[in-house]
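Here is what each chain is made of, one letter per residue.
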Amino acid sequence: MLSHIVRERARISRRVALCAAGAAALALAAPLVHAQAYPHKPIRVLVNSAPGGLTDVLARLIGNKMSIALGQPMVVENRTGGGGLIGAEAVSKADPDGYTIGIVASAFATAPLLIPGSQFDAARDVAPVALLVTTPMVLVTNVNSPYKTVADLVADAKARPKQVSIASGGNATVTHLVHEQFQQEAGIQLVHVPYKGGGPALNDVIAGHIPVYFDTVTTSTKMIQERRLRALALVAPQRLAALPDVPTIAEAGFPGVQASSWFAIIAPPTMPPAIIQRLNEEANKALNAPEVRDQIVNMGGTINGGSAQVLGELIRADKPRWSKLIKERGIKME
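Residues numbered from 1 in each chain as written. Predicted model: local features only at pLDDT ≥ 70, side-chain atom pairs only at ≥ 80, totals over all residues. Heavy atoms only, no water.

> How should I be thinking about the pattern of salt bridges in this particular structure?
This model, assessed by the stated rule, comprises 13 salt bridges. A salt bridge links Glu-291 to Lys-65; its shortest N-O distance comes to 2.3 Å. Within this pair, whereas Glu-291 is found in helix 11 (residues 290-298), its partner Lys-65 is found in helix 2 (residues 54-70), the two being separated by 226 residues in sequence. Using a relative accessible area of 40% as the deciding quantity, one classes Glu-291 as partly exposed. Using a relative accessible area of 28% as the deciding quantity, one classes Lys-65 as partly exposed. Three or more residues joined by partner-sharing salt bridges are found here, namely Arg-44, Glu-77 and Arg-79. (Salt bridge = Lys/Arg side-chain N within 4 Å of Asp/Glu carboxyl O. Helix = DSSP H or I, 4+ residues; strand = E, 2+ residues; numbered from the N terminus. Buried < 20%, exposed > 50% of the residue type's maximum accessible area, 1.4 Å probe, protein only.)

Following this line, the structure appears as structure tokens:
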């Protein structure tokens, strides 16, 4: 009788152990099932610049390709202002369920440096997902402008201090910071006119309403080739094949002017790693699709991609780099 009871207890113990093991396996599998099921509804993509600018163009180009692979539309919403910070802050405060992400220009990482009391820290308040594209800058003017060279612009600015205007895509954007570098190097004083995005700024340069602007090469190349814009200098280590006749800013005598713009996917800071990994993989696939790659390269952009960690390192490096210039120039968010 005793042996029967012992055997029965052993049998029950084995069943309990098997049930516990099964429950544990299901618990471990649950996050994987959730990740595999993602996404099951449209994904909102917050863009921190105005429609028509490069960030917006890239968001639609890459987002459309990613949406095919993900099986859900990626719906672009433009959130402008604050040098790109407003859009980035909206991403940081969103539900980290994978259905709100940002495709942003690099300005969001530097804008807080210009805003007194800002608590936003790009390295802490967003999760890096993927570095998409970097692009050099090009100094452009209207085709009917009197400026044929950088020397022409510098001579006029020295003859008329604080009378020659220069556009930017907004305070704290790279299109702003690069011309601060240029003024420092050239010893000139220009009048800064910030716009709500690169698109509106470029339109006013084309129309002749404002004399000069440091634009991203990816936006301006076609218009330079079509002679709708005149390029004065390229902010890059060497000339571009797409713009072989445009000298570098170093050739023009200002090697200290060094800046490029980068564009990336970011997410709320507590988004699950499995979702970040899925988005990163699809972003890299989209960047390597021939039709996407060709468009970006033809515009003069450099395709990056890579892991989320690569983007995280870049975000952390930008803060000390630009802090020095902002302090030296006394740049403020006007």
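The rest of the description comes next.
> Mind showing me how you'd approach the packing of helix 2 against helix 10 (residues 273-288) here?
Axes are the key here: two packed helices are described by the angle between their axes and the distance separating the axes. It is the contact of helix 2 with helix 10, at a shortest axis distance of 9 Å, that shows an interaxial angle of 120°. Our classification of the angle between helix 2 and helix 10 gives oblique. In the packing of helix 2 onto helix 10, the handedness of the crossing is right-handed. In this structure, helix 2 uses Ile-62, Lys-65, Met-66, Ala-69 and Leu-70 to contact helix 10, whose residues at the interface are Arg-278, Leu-279, Glu-282, Ala-283, Ala-286 and Leu-287. Per-class residue counts for the contact of helix 2 with helix 10 are eight nonpolar, no polar and three charged. (Axes fitted to C-alpha atoms, helices over the stretch in contact; angles between N-to-C directions. Parallel < 35°, antiparallel > 145°, perpendicular 65-115°, else oblique. Left-handed = near helix turned anticlockwise from the far one by under 90°. Contact = heavy atoms within 4.5 Å. Nonpolar A, V, L, I, M, F, W, Y, C, P; charged D, E, K, R; others polar.)

> Looking at this structure, I do not really get the packing of aromatic side chains. What am I missing?
Within the structure shown, the criterion is met by four aromatic pairs. With a centroid separation of 6.1 Å and an interplanar angle of 80°, the aromatic rings of Phe-108 and Trp-262 are classed as edge-to-face. Of the two residues, Phe-108 is situated in helix 4 (residues 107-110) and Trp-262 in strand 9 (residues 260-267); the sequence distance between them amounts to 154 residues. The class for Trp-262 is buried, based on a relative accessible area of 3%. One aromatic cluster is present, formed by Phe-182, Phe-214 and Phe-254 through successive ring pairs. For the cation-ring pair, Lys-41 lies above Tyr-99, with the distance from its terminal atom to the ring centre recorded as 4.8 Å. (Phe/Tyr/Trp six-rings, centres within 6.5 Å; stacked < 30°, edge-to-face > 60°. Lys NZ or Arg CZ within 6 Å of the ring centre and 35° of its normal.)

> Looking at this model, I keep getting lost on the nonpolar core. Mind explaining?
Generally speaking, soluble globular proteins have nonpolar side chains that are buried together. Phe-108, Val-150, Phe-182 and Phe-254 are the most contacted members of the largest nonpolar core, which has 48 residues in total. Leaving out residues up to four positions away in the same chain, Phe-254 has contacts with Val-150, Val-154, Phe-182, Glu-185, Ala-186 and Ile-249. In terms of nonpolar packing, the next biggest core, distinct from the first, is built from 38 residues, Val-47, Tyr-99, Val-292 and Ala-308 among them. (Core = buried A, V, L, I, M, F, W, Y, C linked by side-chain atoms within 4.5 Å.)

> How should I be thinking about the environment of Ile-68 in this particular structure?
In this fold, Ile-68 is placed in helix 2. Judged by relative accessible area, Ile-68 falls into the exposed class, the value being 66%. For the pair Ile-68 and Glu-282, spaced 214 residues apart in sequence, the C-alpha separation works out to 9.7 Å.

> How do you make sense of the packing of helix 2 against helix 11 when you look at a structure like this?
Contact geometry of helix 2 with helix 11 gives a least axis separation of 10 Å together with a crossing angle of 165°. Classified by the angle their axes make, helix 2 and helix 11 are roughly antiparallel. For the crossing formed where helix 2 meets helix 11, the hand is left-handed. Residue-level inspection shows Leu-58, Leu-61, Ile-62 and Lys-65 of helix 2 in contact with helix 11, the latter providing Glu-291, Val-292, Gln-295 and Ile-296. Its residues assigned to classes, the contact of helix 2 with helix 11 comprises five nonpolar, one polar and two charged.

> Just checking my understanding: could you explain the environment of Lys-324 for this structure?
You can see Lys-324 is positioned in helix 12 (residues 308-329). Relative accessible area serves as the criterion here: at 55%, Lys-324 is assigned to the exposed category. A polar atom in the side chain of Lys-324 sits 2.6 Å from the side chain of Glu-328. (Polar contact = N/O pair within 3.5 Å; in protein donor to acceptor, adjacent residues only side chain to side chain.)

> What is the right way to look at helix 8 (residues 198-206) in this model?
Within an α-helix, residues lying three or four positions from one another point in the same direction, as the helix has 3.6 residues per turn. Taken together, the buried positions of helix 8 are Gly-199, Ala-201, Leu-202 and Val-205. An end-on view of helix 8 places all buried positions within 165° of arc, on one side of the element. Along its buried surface, helix 8 packs onto strand 4 (127-142), strand 5 (165-168), strand 7 (212-216), helix 9 (217-225) and strand 8 (229-235). At the C-terminal side of helix 8, Gly-208 shows a positive phi close to 85°. (Arc of directions from axis to C-beta.)

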